[in-house]
Amino acid sequence: MFIILKTVIFLLIINFGNGFLISKFLKIKELDFLKVSLCGMMGTIFIQTLVAFFLPLDCRVEMILFMLGLSGFLWFIRGKDFTILAFRKNLDFWFWMFLSLILFLGSFSPYLYDHYSYYVPTINYLKETGFVKGVSNLDLLLGQTSFWHIYQAGFSDFIDVNFRINTYVLVLFLIYIYQNKRPVFLLFFPFFLIFIQQPSPDLPVFILTLVVVNELIEGRNNTFILALSLFAFCIKPISFWLPILVILESFYSRNFKLKSLIPIFLFGLLFIVKNLWLFGFPVFPLSVLDLDIPWQPSKEILTYSSQIGLMKSYDMAYSYQQISEFNIWQKTYHWLMSGYKSAFNIGIIFCIAILGFLAVKRQGMIYKLIFISVFIKFAILIIFSAQYRFFIDIYLITFFLLFKDIAYNKTIAIAVFLSVLIAVLFSFPGFVKHRFHMGKWMSGFTASQLIRPVEFHEDSYKSYQLGNLKFNATRKLIYKTPFPAMSLYWLKTYEYYNVFPQLDKNGFVQKKLTSEERSELRKIISDLEKSAP
């Protein structure tokens with residue numbers, strides 16, 4: 001907890017300081033603590049992304065960003081104008097209670113599968129090399145490289161070595177709640193607490209979604225809110241409906257300005273160029289707008305990826321061939337009735353129905369625009385990959401709009417009870433593990449967490465060479481395996497589709513295997529399977 005507190009304090013200073021510098025440079029006024037910090041965060045990520053094209057995001061980059069943020073923070077202190085910190089008057093005992101829960105729960109071991117298979121491998125390769133052309137040819141997931149993991153990589157040498165950056169984000173959101181006196185947001189805290197042990201991009205997207213919608217309801221739409229919505233999209237493209245909502249509201253309220261296009265152009269261009277360099281297409285994982293870039297993944301792997309995405313919509317209960325033979329009514333029926341996740345899918349339908357009801361019954365065009373934007377998202381995802389986890393933000397928005405005026409005392413009672421319950425489950429995870437077969441990497445409470453957060457052990461790896469590529473391989477999770485690394489899963493996938501990554505002009509491409517190379521790959525797979533887990 002002590003080390004996480006250090007991380008939170010450093011990031012509060014750095015992001016606020018960088019945001020203060022940016023606001024002075026751009027002459028932005030009427031910013032509060034959260035907006036200044038988010039401004040600093042966006043500016044930092046913009047710099048980190050540019051740097052990653054040329055240099056690794058190592059301690060040199062981290063030190064420069066730290067010095068910039070500290071300079072901005074000292075400039076703010078020297079100005080002696082602390083009106084931006086007026087939220088301090090609203091803080092009470094429960095604020096410090098929630099802050100303590102964040103630090104406590106953030107110290108538990110990461111338990112999400114993606115932490116070991118995607119988040120940390122992405123962060124590690126960014127620290128070691130920066131952007132690698134065609135890195136998706138090595139491991140398709142690395143082609144995604146979310147802005148959130150770029151941000152994490154740039155602070156992971158000494159400020160946040162344990163990858164607990166989400167604890168800082170939740171602290172920032174807690175400040176926003178008390179600053180804007182929106183107690184309903186405290187009801188989301190128990191849910192958000194399960195994302196702070198790992199650098200999941202879901203949490204910042206959820207928080208940005210709630211902030212953007214709240215600002216629009218409060219009538220505070222401006223260029224900065226548009227930038228926040230686009231920022232959420234760059235972190236995770238499934239939030240594409242947010243920029244649509246902000247732009248629609250701007251046109252309706254007639255406050256849309258051409259200068260609003262500047263953040264769209266800058267972040268949008270950087271997002272597309274990043275994806276083209278790493279993945280070969282403008283938006284990961286979609287193989288649309290084909291520019292015939294030489295380092296695109298093979299068509300076989302792209303087809304495989306899209307088929308898996310569609311199968312996951314049905315909880316992997318049906319093969320791609322079966323799904324492709326469904327008519328529209330069969331697809332709808334099986335999507336609503338496939339496995340235990342069908343309950344979430346049915347819930348999504350109810351949420352959209354509720355948003356439609358609110359759009360009709362409540363005054364204010366904003367409710368209608370929210371419904372239109374959410375429905376656009378629903379319609380598009382149904383076509384490509386209607387996985388329930390892609391719709392969680394719809395649940396959050398629906399809940400917020402229904403209970404946004406709930407009293408503070410009621411929210412405190414519910415939020416504290418559920419948050420403490422989450423803390424108990426993390427401290428004694430046996431119930432979750434044995435009853436629901438979840439939380440494989442949950443470790444329970446240990447006294448050492450009071451100082452240092454719990455870390456999972458690293459998988460062993462073996463080194464091989466096939467063609468001109470020397471690589472490290474693991475039986476299961478890549479995690480912190482030195483780059484370039486592949487899991488047994490991807491080795492088997494490449495063997496099945498008869499392709500394999502090779503080095504080409506400081507990057508990776510996928511090439512067809514010769515009969516000798518395929519035989520050698522089979523030997524590598526067999527050797528790796530025999531190695532100790």
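Anyway, here's the lowdown on the structure attached to this text. (Residues numbered from 1 in each chain as written. Predicted model: local features only at pLDDT ≥ 70, side-chain atom pairs only at ≥ 80, totals over all residues. Heavy atoms only, no water.)

## Quick look at the sheet that holds strand β3 (residues 485-487)
Phase 1: Pairing in this open sheet of three strands is mixed, and the strands run β1-β2-β3 from one edge to the other. Edge positions in the sheet fall to β1 (462-466) and β3, since each of these pairs with one other strand and no more. Adjacent strand axes in the sheet meet at a mean angle of 40° when their direction is disregarded.
Phase 2: Pairing analysis gives five bridges linking β1 to strand β2 (residues 469-474), with the strands arranged antiparallel. Across the sheet, leucine 466 pairs through a bridge with leucine 469, a residue of β2.
Phase 3: Running over the sheet, helix α21 (residues 488-497) touches β2 and β3 and is turned about 80° from β3. (Pairing = 2+ DSSP bridges. Helix = DSSP H or I, 4+ residues; strand = E, 2+ residues; numbered from the N terminus. Axes fitted to C-alpha atoms, helices over the stretch in contact; angles between N-to-C directions. Contact = heavy atoms within 4.5 Å.)

## A closer look at the packing of helix α7 (residues 165-180) against helix α9 (residues 202-217)
Phase 1: Across the interface, α7 lies against α9 with an axial gap of 10 Å and an inter-helix angle of 20°. Considered as vectors, α7 and α9 are oriented roughly parallel to each other. Between α7 and α9 lies a crossing whose hand is left-handed. Here Asn166, Val169, Leu170, Phe173, Tyr176 and Asn180 of α7 lie close against α9, whose contacting residues are Leu203, Pro204, Ile207, Leu210, Val211, Asn214 and Glu215.
Phase 2: Across the contact of α7 with α9, the residue classes tally to nine nonpolar, three polar and one charged. (Parallel < 35°, antiparallel > 145°, perpendicular 65-115°, else oblique. Left-handed = near helix turned anticlockwise from the far one by under 90°. Nonpolar A, V, L, I, M, F, W, Y, C, P; charged D, E, K, R; others polar.)

## Regarding the packing of aromatic side chains
Phase 1: By the definition in use, this model includes 59 aromatic pairs.
Phase 2: Ring geometry for phenylalanine 233 versus phenylalanine 271: centroids 5.0 Å apart, planes at 55°, classification tilted. Placement of the pair is phenylalanine 233 in helix α10 (residues 223-235) and phenylalanine 271 in helix α12 (residues 261-278), with a sequence separation of 38 residues.
Phase 3: A residue is classified by how much of its surface remains accessible, and phenylalanine 233, at 17% relative accessible area, is buried.
Phase 4: An aromatic cluster is present here, built from Phe173, Tyr176, Phe185, Phe188, Phe191, Phe192, Phe195, Phe206, Phe399, Phe400 and Phe403 joined pairwise through their rings. (Phe/Tyr/Trp six-rings, centres within 6.5 Å; stacked < 30°, edge-to-face > 60°. Buried < 20%, exposed > 50% of the residue type's maximum accessible area, 1.4 Å probe, protein only.)

## Describing the environment of serine 324
Phase 1: For serine 324, the location among the structural elements is in helix α14 (residues 320-324).
Phase 2: Separated by 17 residues in the primary sequence, serine 324 and glutamine 307 have C-alpha atoms spaced 9.8 Å apart.

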